[in-house]
Amino acid sequence: MSKYTGIQKEETLKGLIFKDFFDRKKFGYEPNIDNIDFVITNAKTRGELFAEEGSGASIHYLWAESKKGARDVESMLTQLLLTCKKTYDKAEYTAPPFIGCFDTEKIAFVPFHDILPLFHENDINWNTTPSNHDAPDFQKVRSKVIKLILTNLAVYRFDDDDREIKEFIKTHFVPGGRGIKSPITKGNFVQIFTKWVKEVEPAINISKDDWADFKANGILECDFYRADIMSIDGSTISISEKLKIILEKDNYKLQERIKGRLFSTIIGFTDNGEAYRRFWNKYERPPANEYQQYIIDRRDLLVPQNIREVKGSFFTPKIWADKSKEYLARVFGDNWQGEYYVWDCAAGTGNLLAGLTNKYNVWASDIDEGNVETMHSLIDIDENLNLLPSHVFQFDFLNDSFDKLPEGLRTIINDPEKRKKLIVYINPPYAEAASATTRIGTGRNKQKVSAAHKTSETYKEKIGRGINELFANFFVKIYYQLPGVKLASFSTLKYINSQNFVKFRECFLAEYKAGFICRANTFDNVDGNFPVGFLVWDLSVKKQISGISADVFESDNKAEHCRLQGQKFIYTVSKGRYIVDWIRTFFDTENDHIGHLRFQGTDFQTNSNAYLTSRPSANDIRESKITNITKNNHIVICIYLAVRQCIEHTWLNDRDQFLYPTDGWKTDSEFHLNCLIFILFHGQNRISTKDGAADGLRNHWIPFSEQEVDAKEKFDSNFMSDFLKEKTLSAEARALLDAGRELWKYYHVKAKNNQSASVNASFYDIREFFQGRNNRGTMNAASTDETYNALIGTLREKLGTLTEKIRPKVYEYGFLKE
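Bear in mind the structure is a predicted one, so any value in this text is a computation, not a measurement.

K.L.:
How do you make sense of the sheet that holds strand β12 (residues 266-267) when you look at a structure like this?
P.N.:
Each strand in a sheet pairs with another by means of backbone hydrogen bonds, the pair being arranged parallel or else antiparallel. Pairing in this open sheet of three strands is antiparallel, and the strands run β10-β11-β12 from one edge to the other. Single-partner strands in this sheet number two, and they are β10 (245-248) and β12. Sheet topology places strand β11 (residues 251-254) next to β12; two bridges connect them, and they run antiparallel. Its bridge partner being in β12, Y252 is matched across the sheet by I267. The sheet contacts of helix α9 (residues 221-229) involve β10, β11 and β12, and relative to β10 the element is tilted by about 40°.

K.L.:
What's the story with helix α11 (residues 289-297) in this structure? I'm lost.
P.N.:
Residue pairs three or four apart in sequence face the same way in an α-helix, which turns once every 3.6 residues. Among the residues of α11, Q292, I295 and I296 are the ones counted as buried. Taken end-on, α11 shows its buried residues confined to a sector of 95°, consistent with a single buried face. Packed against the buried residues of α11 are α7 (189-199) and α9.

K.L.:
Is there a simple way to explain the state of the cysteines in this structure?
P.N.:
Covalently bonding the sulfur atom of one cysteine to the sulfur atom of another cysteine gives a disulfide. Following the criterion strictly, the structure yields zero disulfides and no others. Of the cysteine sulfurs around C518, a residue in no disulfide, the closest is that of C562, at 8.8 Å. In this structure C518 comes out as buried when scored by relative accessible area, which is 0%.

K.L.:
Teacher, can you tell me more about the side chain of D656 here?
P.N.:
Note that D656 resides in the loop between α25 (634-645) and α26 (669-680). Accessibility expressed as a relative area gives 16% for D656, which makes it buried. Separated by 2.8 Å, the side chains of D656 and K568 make a polar contact. Ignoring any residue separated from it by four or fewer positions in sequence, one finds D656 in contact with N497, K568, T602, D603 and F604.

K.L.:
Explain the pairing of strand β2 (residues 36-42) here, please?
P.N.:
Here β2 lies mainly inside the structure; seven of its seven residues are buried. Hairpin connection between strand β1 (residues 27-33) and β2: a loop of two residues separates the two successive antiparallel strands, and D34 in this loop has a positive phi of roughly 50°. Summarising the sheet, β2 and strand β3 (residues 60-66) pair through four bridges and their orientation is antiparallel. Bridged to F38 within β3 is A64.

K.L.:
Would you explain the pairing of β1 in this entry?
P.N.:
Consecutive side chains along a regular strand alternate between the two faces of the sheet. Two elements, β1 and β2, share six bridges in a ladder whose sense is antiparallel. Bridge pairing in β2 places G28 opposite T41.

K.L.:
Looking at this structure, I do not really get helix α19 (residues 454-463). What am I missing?
P.N.:
Those residues of α19 not exposed but buried are T455, S456, Y459 and I463. Along the axis of α19, the buried residues cluster in a sector spanning 105°; they form a single face. Exposed side of α19, more than 90 degrees from the buried face: K454, T458 and E461 are the residues found there. Residues of α19 that are buried make contact with α20 (470-481) and α22 (502-507).

K.L.:
Is there a simple way to explain the packing of aromatic side chains in this structure?
P.N.:
Two aromatic rings, taken as a pair, are described by how far apart their centres are and by the angle between their planes. The tally for this structure, following the rule as stated, stands at 86 aromatic pairs. Ring centres of Y495 and F504 lie 6.0 Å apart, and the angle between their planes is 80°; this geometry places the pair in the edge-to-face category. Judged on exposure class, the residue Y495 and its partner F504 are both buried. What links up through ring pairs into an aromatic cluster is the set F18, F22, F27, Y29, F38, Y61, F98, F102, F109, Y156, F168 and F173. One Lys or Arg, R330, reaches over the ring of Y327 and ends 4.1 Å from the middle of that ring. Positioned above the aromatic ring of F530 is the side chain of R655, whose terminal nitrogen or guanidinium carbon lies 4.5 Å from the ring centre.

K.L.:
I would appreciate a short explanation of the packing of helix α3 (residues 73-90) against α7 in the present structure.
P.N.:
How two helices pack is summed up by the angle between their axes together with the distance between the axes. Contact geometry for α3 and α7: axes closest at 8 Å, N-to-C directions at 45°. The pairing of α3 with α7 is recorded here as oblique in orientation. Counting all contacts with α3, which are made through T87, Y88, D89 and K90, the residues of α7 involved are V190, Q191, T194 and K198. Across the contact of α3 with α7, the residue classes break down as two nonpolar, three polar and three charged.

Thresholds applied
Residues numbered from 1 in each chain as written. Predicted model: local features only at pLDDT ≥ 70, side-chain atom pairs only at ≥ 80, totals over all residues. Heavy atoms only, no water. Pairing = 2+ DSSP bridges. Helix = DSSP H or I, 4+ residues; strand = E, 2+ residues; numbered from the N terminus. Contact = heavy atoms within 4.5 Å. Axes fitted to C-alpha atoms, helices over the stretch in contact; angles between N-to-C directions. Buried < 20%, exposed > 50% of the residue type's maximum accessible area, 1.4 Å probe, protein only. Arc of directions from axis to C-beta. Disulfide = S-S within 2.5 Å. Polar contact = N/O pair within 3.5 Å; in protein donor to acceptor, adjacent residues only side chain to side chain. Phe/Tyr/Trp six-rings, centres within 6.5 Å; stacked < 30°, edge-to-face > 60°. Lys NZ or Arg CZ within 6 Å of the ring centre and 35° of its normal. Parallel < 35°, antiparallel > 145°, perpendicular 65-115°, else oblique. Nonpolar A, V, L, I, M, F, W, Y, C, P; charged D, E, K, R; others polar.

Following this line, the structure appears as C-alpha cells:
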C-alpha cells in the first residue's frame, strides 16, 4: 500500500502527485486539457499565464491518465491514447516527450514516439468511448498498445520507488525557460509537420497547378518540411540522404529538374518568409544527432494516408529477409548468387536485398524516387547493402515499359536463356481495392490501388477479381512479360486457394519449388493476424497449381528470432467446390421462412460474418448475403454454420477454405442433430423476437415446451421442441440441451415479474436480458446476476464438449482438409 491508497477523488490524487514529484519552480500542472487528466508543462511567467492556448507559450512534458484505486497500466494508457488522439491531430500543443498513467499505487512512463505509429493506423475506430474498457474497439487498441510499449515502459511503485520517480523526472523532463525553443524528436516530428502544413506550407510560393506537377514527380509537402528541419542558420545541413529539396539562405532550392514545365530552381514565400520565421522560432533545428537518421528514414510517416494506402507498402523484417535467402540457396544451390541474376522490382529502401554479396548480378528498382535516393545513400554507409549505384533506379513496374530499364538488365530480359537465370525477388505491396474501413462500411474503395495501373487494364479479363490485389498485378505482369523467370516473392496466400483467384490459377501455370509461412503482423505497418508466405516458383515449367506444402515459422514479439513449428499444406480449390456452392444447393424460396442465414466468404477470416438472424439488413439483401431458413432446410443450414464455428480461428488457418463436402454427412443423423443443438446455443444464433416482432415473425427456435421451463404463457411456436421430440441425441448434445433448459427455466422465473420480458424469448434475447448493453449498444460480456453467470458458464462448458464431438466430422466429411 502507498500513502495515496484510500484517496477517493482523482483531483486530490492528481494534486498530490504534482506536489510530491514536480518542482513548482520548473513545472506547471494543467488538469483536463482536452479531457487529458494530467498535463505537465513548463512553469509559466505572469505574462504566459494569460497567453492564448496553442500560442506556443506552454511546453508540454507529460500527458497522463489518472485513476483512483488500482488499475492495470495497459488499460490506463489505452484510455489516454483514445483521449489524446484528437489533441494530437489538432496540433495546438506540441506532443510531449512522454505519456504516462498513475493510480494510487504506481506511476508509468512511455516515450511518446513509441506509440506514435498507432496514430497512423487506419483500422482503428478513434470515436470509441475512451472510458468504455469493455468495448471490442477499446480492447483492439489495448492489444496494439501492449505490443508498442513492451520495450520502453517504465513502471514505478509509490511505496518503493520514490527516489527513482524523482530521478526519472529530473533526468527526462528537462524544462525550458521563457523563449527556449522546443526540440524536434522522434516522438513529435510528425505532429510538428501537421502544424507546419497549416502555418508554413500555404505561404510557399507555388501555385496549385505547379503543386500538381511537383506531386506527379514525387515531390510532396513533406520534402519541403524535411529541408526545413534539417537546417541551421537558414541552410540545409549535410546529411546522408540526398533530399529532393534543400534550404539555401531561407529559400527552397530544387535538387533536380521537374518533368513537365520549367520551374525556377529557387522557391521563396508569398509573405517574404514571415510565417516561416514565426513558426521556426518555436523549434530547435536541426534535431539532435541521435534522431536525424530516424527522421530521414521515416519519410513514410509524413506521406498522406491515401498515398500510403495506394502504394500498400510494407517493409520486410530482417528476420524474414534473411530466412528467404536460406530458401533461395536451398532451391538454387549454395552458389546461387554467382549463377543467377536478381531483380527486386518493388525494393522500397532495399532491406530485402541486404546481405547479398554479388552486386554485379543484382538490380533494385522502386516506384518512389525517395526510396531510390535512400538506397543510393545507404550504399555508401551500410556495408550490408551491396549494390552498384547504376543498378539502383526509379521504375514504376506496373506502368513503365521495359525499354526504360538499365541496359544490363534489359539485355538479360531480352535473352531467353539468360532470362531463365533471372530471379525476380520481391515483397510487393499487399494493398487491396477495399481497405479495412471499406469492408466495415466507413470508407470508400481504394480505386487507384489496382485500377490505375496499365497492368490491371491489360490483364483484368484474364485473372478476374484477383486483379483487385496489388501483388497479383506484379505476378501477372512478371508471368506474361518475363516468361520463364524464377519468382521468389512474399505475399498473402490468396492466390493458392481463394475464390477470387480461380481465374488467376487457370492462367498462372508454374512449378512450386519451396517456401515458408510467417505471421503478417511481424511486418512493418501490418496489423492483421494472417499468414504471409515466401514462395519460390519456376515459371518456365507449366503446371497447374494443385496445392503447396510450406514450412511454418513463429517469431518472438520483436521479430528478431524465429523457430520452425512444422509444415502446412495449402489446398487449391476448383471452381464450384467451395462450401458456399454446397449450401446454395439447399436454398429454399418456395416455403415460409423461420429465420435467415447471413453468409459471407468461405474462409476462417469471414466466419464472424456468418450467423442466424430474424431480420436481415437491406444492404445484406441487396448484396445477396442472405438466404431463407425454412422447415425443410434448417438442419443443413445449422450444419453449414456449425462447421464454420466449431474450429478456432488462428493466424495460420485464417485463409483456409471451407469446401464442398463429400456425401458421407448425408446419412449421419447424429452429426445432423449435434450441429443443430450446437447452433441453438451458439453466439452466432442471433434469432431475436425483437427483430421479428414488427413483421409478425414468430420465434421457431425454442427447443423446449412451455411445461419444461414453466413459462407464464404459451409460446407462439413449438416447431423446434416438436422437431426434437423422440430424437435420439448424443450424450454431448443431450448434456448441452439440459444445460439450456436450466437457463430457460431461470429466465422464466425472472420474466414472471418483468412486463418487458417476452415469453417467446430466444437464446439471444435471454443473454441480452441478463447481460444488458453498454452505452454503445454492444452486449456486455457478463451479467451482475451470479446465478445467470453460473448457468451460462455451465452451458458454455457443455457447448465446448459438443464442439469436440463435431470437429473430427468436419474433416471426415471434407468440409476442411488437414
